[in-house]
Every structure is written in structure tokens, then in C-alpha cells.
Amino acid sequence: MLSLHNTKCECGHQNAVGTVLCESCGKPLMENAESDTPLEMRYDGVARRSQKSNPSIIDRVWNFFSSVKIAVYLIVLTLVSATLGTIYPQEDSFLNNFEPSTYYKEQYGIPGQIYYKLGLSHTYESWWFITLLVMIGTSLVICSLDRVLPLYRALSKQQVRKHLRFINRQKTVYASQIDGSAEEWVQSFGNQLKRKRYRIYSDGTALLAEKNRFSRWGPYINHIGLILFLLAILARGIPGWQMDKYVTIPDGDIVHIDDTNYYVKNEKFTVTYYSDDELPEELKGKARAKLYETKAVLYTCESQCGDTSAKPELREVERHNIAVNSPLQYKGLKLYQFDYDVTPKLKGVKPVLINKATGETYGPFDLPMKDAPLEYDLGVYHLKLVANYMEFAVGDDGEPVTLSREPNAPAFIFLITGPGLPEKGQPYMYFPMQKDKEKFGQDQLNASIADKLEIKVQGMENVDFSEASTYLNVRMDKALPYVWIGATISMIGLLMGSYWQHRRIWLRIDNGQLSLGAHTNKNWYGMRADVAAALRQQGITVDPKSLDNGGNNA
Amino acid sequence: MGKYRRPVQIVILLAVLIVGGYAIGTSLFAAKEDGIPKVGGTPPDFTLVDLQGNTHQLSDYKGKAVVINFWGTFCPPCVKEMPEFERQFAKWKDEGLEILAINLSEDTLTVNNFVRRFELNYPILRDVNKKTERSYGLRSYPTTFFVKPDGKIMEIKVGGMTEQDIDERVIELLKY
């Protein structure tokens, strides 16, 4: 290392630029080296790896991220912008049919419009928020690496005999005259500390006692956990790693889950309500759901997937009764019960054709509401379906129209041929629902044929309707296990760093003069108690408080 | 460790560049695309069957001016537009105009009756289970996409149009 500064210590050790305390003997090297105030012991006074005398571009980038000050700014900036995202609901908290460009303005006025225009309605997915996260991640890696490696080096090759100024400028100090053999005193003092689970390193008249060094690695293990956590969050952007959508399935239907190879069937949705005696007074008479359950079957598509002209071939892979807090789970895919709709939907009827004169009935025949067959042979009669309407109405021009594509008020027009009817057939209008039959006047519309024939459903067993639709929340989050692993590692690091303290005691005896200094990264009270207890065993009684040499955190 | 310092720095900064670049890139990309077609963007491809059973894939129409119209018999402005599109198709088909009218997942009989009643000659495609409609992010009907020969969307018109409206847009579309 070429440097203009002379970084060589008087003990002969060559230190790196930026070193605060000599890596070998601990002598203070910086400007206030002659002062008597307690030393700054952070990172044991070693230089950060990135501190260099002539930085290149890479070094400058590295130094930027290596700065704790920058890291703090980044964290504060991220916190503030994450807060902004909570002012109004985020776009992804809305379900279908949501138009963000108008919603925020209509709901919250001008502030809402500004909020939307600034892109704060999708804060957490925005490029600048992701950029902040990436920068924090980078800062975590570089800050840690730049400090942990020199610290590791410094702690793994510590000198036992430290410079007197180093010892005397610790925050916990003791000095006195010792009678008798210095070696024996050091030996016996070391044994006292051993019983307190210190590791002892001695070179005769000097001693280093150390315990719980591993707690120094706590913050770095915590950072490794956080980096993993962040990477897992970023990994959610990988296609197929995260999904959060909703499907609506009427009873008995199979629905494709968009952007996947999965189909899900709702075999039966049931909802049971609390009976009145199970409810408190103020809720009696109100329908409170006790259980909603979807008998669901999950399929994967084997062939003809995504082909609108053919039916896909499905294979059952999982079956589960989905209830609240009991989702269907298959290979990371989870289907949660989300909502339901108990409006019945007509799926099909099985009516019969009745000859009003003779009372003879023909049928019943299957008439599904959607994609009904076009021809029906019923004994002597032949029915041809010529038109159908899902929600029948009469348009402004007097023509029949449909108001929607859902079978809310279905109507069918058959052309019937058979005995007693014109050769080219006679039209017959059929409304499967009784309310529509009356509302639109089926018999009046059918006029003369209404006297001869009637199509009607006999009994509810011939009506097929789905009683309910279930709403399922489809979720997939492959990053979640990694988030948990990251969080666990981070917590382990946090505990290591918080519940244990790295304590060190240095002492040397020069011509009967004992100099003792002790350092810990937290809990100075405990540090002083350790020193005072060991001294007491040696016959020196001191008040632990008197060991305090001033400084912060004392 | 000293001699590995520079390679380690480069490896870490490269990893940051790749991982971070990917994360930021996808968030930028997602913000722009959103899956739902926008003016200047590319309409999602589809393969649908017409009433005669022929398959039509949108990508086969690349290089042509295409009007994609979503319609249903239950939507009065759609019904009003269909004969207008028919006249526009007759007027411009020799200039290379293609009209693809995608029905909103209604059943065969309904669509057949409608097409027969209005004698429509341009392809009527059948969407199934609202799949195509969802991929186009439709919110109301009718919605019409005017797609330039380079495959980019010139305009998205939500709601009914007069024949004059359609004519003006087709003239502009054929300029490309």
C-alpha cells in the first residue's frame, strides 16, 4: 500500500490508512492521540476495507455504499416513501372492474388525482421504490463486508500486551501497586476470570481475558438474514413466483385460473347460518354465516389447453373442502374461501310438451340455458329451437332483445311441427320461469297454439339451478419460505448481538504497577462487576462504580 | 484477503447490477405493460374460431390494418354498430381493411341468428368463457381497437360510434 501518511506504529506494526488504534499494540494513532478521554473502540479501531488513499471509480461507488450515513439516509427515505403509500388504498387492493385513472379523482378529489399522477397509488411496485430497496440491499452487503472482515482479522490475532495508553484510556480502568510476584498475581487473577467463563491469554506479566466474542457476529448474521429477506421480496417479480387473484365459480362449474395450467371445480358450495339461540340478543333474526364451504376439485390441463375451439383435457390433482382458514393447497398454490353469492342461477330445465286436448305428455327433454340443442323429437311432434334470449325484453323497435348474457329471464322460441299444426310449423314462445311467463304474457304471445299445446316443467326436480357461486382467492407465493428463512436468520443474529456482550479485560504489570482496562460493547455495569469481583478475589476491594473512567454509555 | 479485494468488489457490484437491474427493470416493464393493451402497445394475441369453424389468429393479420370490435347481442350500441361495420367493410376491404368482430361469449344460436338477421360478411369470432375479453381488459361494451399494420394500437374506442366516426378512423388507419 502506497501512502503519503506514515502509518507505521512505534511498535513496528504497519497499519492500513484510516486505522484509529494500532492493530497490534492498540496505541491511539489519530489526532487526539495525546488526550486522556476514553477511546473510540468501534470495530477495534481498524480501518474500513474501503478506506484508500487514491480511490478509483469502483472504489468511489464502493465507498458510497460502505457509508453508514448513506445507509441511514436510504432507510429513512424508504420509510418515508413507504408511509406515502398508505395514505390512500393501493391499486392492487381492489378487485375486478377497477379503473384507477378515474377512481382516485372521484373518491378523493384533487389530492387523489395528484396521488394517482405521482404514481403513489402503486408505491410498492414502482421502479423508484424497488431502486431504494436494491440500494439498501447493496449498502447492507457492502457495509457489512467492509467492517466484518477487518474486525474478524483484528479479533483473531489480538496482542496480549497492549500499549499503556490504550489500557488507561478504556472506559473501565483500574490501577494500583502490586506486592509480590507479578507472574503469580497475573496467573491467579486469570484463574478468577476463568471461573467467570473468560478465555485467558497471558504472556507472564500481561493478560488478555475475553468472553462471548461470537456476539460481535450478531449484527452481520442479522444482515445476512435481511439480505435474504430482501432478495426473496425482489424474487416475487420473477414470473410465476407470486399470484393473487380471484375466481367466481357457480355450483358445478369448472373455471380456468388465468395464467396457469390449473382448472378448479366447485362441486357444491354450502353456507350454514347460526340459529337464533346461538346468537347474542342484538343479532337474533339476522343471518350470520357459521360456515362457508366449497367442495373444490383442482385439475391440471393435459392437452388442448388455451384452445377456444376444443374442450381441454383435465386431470384431477387435488380435492379439498375449502372453508375459511382451510385453503386447498397444491404445490404452493392456495385457494382460499373469499366470498359467496347465494343468488340462484338457472342452469337448465326438463320440460314436457302437453297436448291440451288429449292430455298426453311428451318428454321430458333437456333444455340447458346455454348452448341448447337445436332439434328435439318428442313423439309425434318435432321441435326446432329458432331463437333464445338470456334476459328477454322487447326493444324500442318492438323486436325481442336480450339485456344481458346471464340467464336472468330466459326465453326460447321453438318452431313446432306435428299433427294439427301447419306444415312449415308454428312458433311457440317458452319462458322457463313462471314470473316471466306472466310478465310477458306467454299465452297471449303464442295465441292460437297456446290452446293446443303447452310446454311446461312438472315439479322442481326438473329444474336445475346452481344455488350459489363461490368466490375463491387464488394465491401463490414461492418467495414466502425464503422470507421466513431470512427472518429467522435475522432474528438469530439479533438475539446473538443483544443478549450476549463481548467483554475483554487487558492488564499488564510494569515494576509492580498494575494497569487494567476493560471493554464491552454493551452492559458496562456487568463489565465493571466482573472486574470488581475478580479483584475482590485477589484481596482488592473496589466499588464497581469507581472503575468508571467516564465517557458515554457508562 | 488483500489480493482478492478488487475481484470481490467487482463480483459484488456486478451481482447488484444484475439482480437490481432485473428487479427495477421488471417493475418499470410491469408499470408500462400491465397486461392490458394501451394505445401504442401491442394487442394480446388470440386464436378464435369463426361461425364457419375457421381458426383466426391475430398474429396472422400482421401487416394489415385491423379493426377488432368486441360486441354482444345484449348491448344495444353494439347491435347498432354491426351493420355500420358491414358497410365500412364493403367500402374498404379492397384497400386491405380487416374487421374482426369478437362476440362476448354468447351461445351459438344467439350469434347465428344475429349474424343472419344483419347479413354480416366480416369474420365473427367466438370468445369462450370471456377469456379474450379479459385479456383485453374490457370494462364496457362495445370496445373497438384500431390496429395499425405494424401491429401497434392506433386507438381504443370505448362505446358506440356513428358510421362517420368509424369512417374517419378507418381512413386514418389505412394511411399507415
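Per an unreviewed UniProt entry, chain B goes by the name Thiol-disulfide oxidoreductase ResA and belongs to Paenibacillus radicis.

*Asks:* Can you walk me through the overall build of chain A in this structure?
*Replies:* Across its full length, chain A holds 12 helices and 25 strands. For chain A, with 554 residues in total, the buried portion stands at 28%. Put simply, of all contacts in chain A between residues at least 6 apart along the chain, 60% involve residues at least 24 apart.

*Asks:* Just to check I follow, could you spell out the overall build of chain B for this structure?
*Replies:* Tallying secondary structure elements over chain B gives 5 helices and 7 strands in all. The linear arrangement of helices and strands in chain B, starting from the amino end, is α-β-β-β-α-β-α-β-α-β-β-α. Looking at chain B residue by residue over its 176 residues, the buried ones come to 31%. Nonlocal contacts in chain B, meaning residues at least 24 apart in sequence, comprise 71% of its contacts between residues at least 6 apart.

*Asks:* Where do I start with unusual backbone geometry in this structure?
*Replies:* Excluding glycine, a negative phi dihedral is what most residues carry, and trans is how most peptide bonds are arranged. Cis peptide bonds are those with omega within 30 degrees of zero, and the linkage from Tyr141(B) to Pro142(B) qualifies with -10°. Positive phi, close to 45°, is recorded for Lys331(A), a residue that is not glycine. The residue Lys331(A) is located in the loop between strand 9 (328-330) and strand 10 (333-341) in this model. Positive phi outside glycine occurs at Ser105(B), with the angle close to 55°.

*Asks:* Got a minute to help me understand helix 12 (residues 524-537) of chain A in this structure?
*Replies:* A turn of α-helix holds 3.6 residues, and therefore any two residues three or four places apart point the same way. All names here are of chain A. Here helix 12 contains 14 residues, and its C-alpha end-to-end distance of 20 Å stays within 8% of the 20 Å for a straight helix at 1.5 Å per residue. Here helix 12 has its buried residues at Trp 524, Met 527, Arg 528, Asp 530, Val 531, Ala 532, Ala 534 and Leu 535. Tucked into the core, helix 12 has its buried residues touching strand 1 (172-177), helix 6 (182-195), strand 24 (503-510) and strand 25 (513-520). Gly 539 sits one or two positions beyond helix 12 and adopts a positive phi of about 90°.

*Asks:* Teacher, can you tell me more about the packing of helix 2 (residues 76-92) of chain B against helix 5 (residues 163-175) of chain B here?
*Replies:* Pairs of packed helices are described in terms of their axes, by the angle between the two and the distance that separates them. Residue and element names in this part refer to chain B. Across the interface, helix 2 lies against helix 5 with an axial gap of 10 Å and an inter-helix angle of 35°. Crossing angle aside, the handedness with which helix 2 passes helix 5 is right-handed. Residues Glu 84, Phe 85, Arg 87, Gln 88 and Trp 92 of helix 2 form the contact with helix 5, whose own contacting residues are Glu 163, Ile 166, Asp 167, Val 170 and Leu 174. Residues belonging to the contact of helix 2 with helix 5 are distributed by class as follows: 5 nonpolar, 1 polar and 4 charged.

*Asks:* Is there a simple way to explain the interface of chain B and chain A in this structure?
*Replies:* How big an interface is tends to be expressed through the accessible area that disappears when the partners come together. Listed by partner, the interface residues are 36 residues for chain B and 34 residues for chain A. Listing elements by their share of the side of chain B that touches chain A, those giving two or more residues are helix 1 (5-33), strand 1 (47-50), helix 3 (108-118) and helix 4 (131-135) of chain B. Here the side of chain B that touches chain A gets 15 residues from one element, more than from any other, and that element is helix 1 of chain B. Each residue belonging to the side of chain B that touches chain A can be placed in one class, and the counts come to 17 nonpolar, 13 polar and 6 charged.

*Asks:* What should I look at first to understand the sheet that holds strand 22 (residues 463-466) of chain A in this one?
*Replies:* Two strands in a sheet stick together by hydrogen bonds in their backbones, pointing the same way (parallel) or opposite ways (antiparallel). All names here are of chain A. Pairing is antiparallel across the open sheet formed by 3 strands, whose spatial order is 14-11-22. Looking at which strands have only one partner, the edges of the open sheet turn out to be strand 14 (367-368) and strand 22. Bridging between strand 11 (residues 345-349) and strand 14 involves 2 bridges; their strand directions are antiparallel. Looking at the pairing, Gly 348 lines up with Pro 368 of strand 14.

*Asks:* Even after reading the chapter, I still don't get the packing of helix 2 (residues 68-84) of chain A against helix 4 (residues 127-156) of chain A, so can you show me in this structure?
*Replies:* Residues and elements named next belong to chain A. Orientation of helix 2 relative to helix 4, taken along the N-to-C sense of each, is 150°, at an axis distance of 10 Å. Here helix 2 lies roughly antiparallel to helix 4, going by the angle between them. Judged by the twist between their axes, the crossing of helix 2 over helix 4 is left-handed. Across the interface between the two elements, Val 68, Ile 70, Ala 71, Leu 74, Ile 75, Leu 77, Thr 78 and Ser 81 from helix 2 touch Phe 129, Leu 132, Leu 133, Met 135, Ile 136, Ser 139 and Cys 143 from helix 4. Split into classes, the residues belonging to the contact of helix 2 with helix 4 amount to 12 nonpolar, 3 polar and no charged.

*Asks:* I keep staring at the pairing of strand 4 (residues 97-103) of chain B and nothing clicks. Help me out?
*Replies:* A regular strand places its side chains so that they alternate between the two faces of the sheet. Residue and element names in this part refer to chain B. Within strand 4, 5 of the 7 residues are buried, which leaves it mostly tucked inside the rest of the structure. In this structure, strand 3 (residues 65-71) lies alongside strand 4, joined through 7 bridges in parallel fashion. Its bridge partner being in strand 4, Ile 68 is matched across the sheet by Leu 100. Following the backbone out of strand 3, through helix 2 and into the adjacent parallel strand 4, one traces a crossover that is right-handed. Of the pairings in the sheet, the one linking strand 4 to strand 5 (residues 124-126) comprises 3 bridges and is parallel in character. Pairing of Ile 102 across the sheet is with Leu 125, part of strand 5. As a crossover connection, the stretch from strand 4 through helix 3 into strand 5 is right-handed.

*Asks:* Explanation requested: the sheet that holds strand 25 of chain A in the structure shown.
*Replies:* Residues and elements named next belong to chain A. If you walk across this open sheet you meet the 5 strands as 1-25-24-3-2, and the pairing is antiparallel. Looking along the sheet, the strands with just one partner apiece sit at the ends: strand 1 and strand 2 (199-202). Each neighbouring strand pair of the sheet contributes to a mean axis angle of 15°, computed without reference to strand direction. Bridge count for strand 2 against strand 3 (residues 206-211) is 4 bridges, and the pairing is antiparallel. Note that in strand 3 the partner of Ile 200 across the bridge is Ala 209. Docked against the sheet, helix 12 engages strand 1, strand 24 and strand 25, running at close to 20° with respect to strand 1.

*Asks:* Sorry, what's going on with the environment of Gly160(B) here?
*Replies:* All names here are of chain B. Note on placement: Gly 160 falls in the loop between strand 7 (153-158) and helix 5. A C-alpha to C-alpha distance of 7.8 Å links Gly 160 and Thr 143, two positions 17 residues apart in sequence. Leaving out residues up to four positions away in the same chain, Gly 160 has contacts with Pro 77, Lys 80, Glu 81 and Pro 142.

Cut-offs and rules
- Residues numbered from 1 in each chain as written.
- Chains lettered and ligands numbered in written order.
- Predicted model: local features only at pLDDT ≥ 70, side-chain atom pairs only at ≥ 80, totals over all residues.
- Helix = DSSP H or I, 4+ residues; strand = E, 2+ residues; numbered from the N terminus.
- Buried ≥ 20, exposed ≤ 12 C-beta atoms within 10 Å, placed from the backbone.
- Contact = placed C-beta atoms within 7 Å.
- Expected span 1.5 Å × (residues − 1).
- Axes fitted to C-alpha atoms, helices over the stretch in contact; angles between N-to-C directions.
- Left-handed = near helix turned anticlockwise from the far one by under 90°.
- Nonpolar A, V, L, I, M, F, W, Y, C, P; charged D, E, K, R; others polar.
- Pairing = 2+ DSSP bridges.
- Parallel < 35°, antiparallel > 145°, perpendicular 65-115°, else oblique.
- Right-handed = clockwise from strand over helix to strand, strands pointing away.

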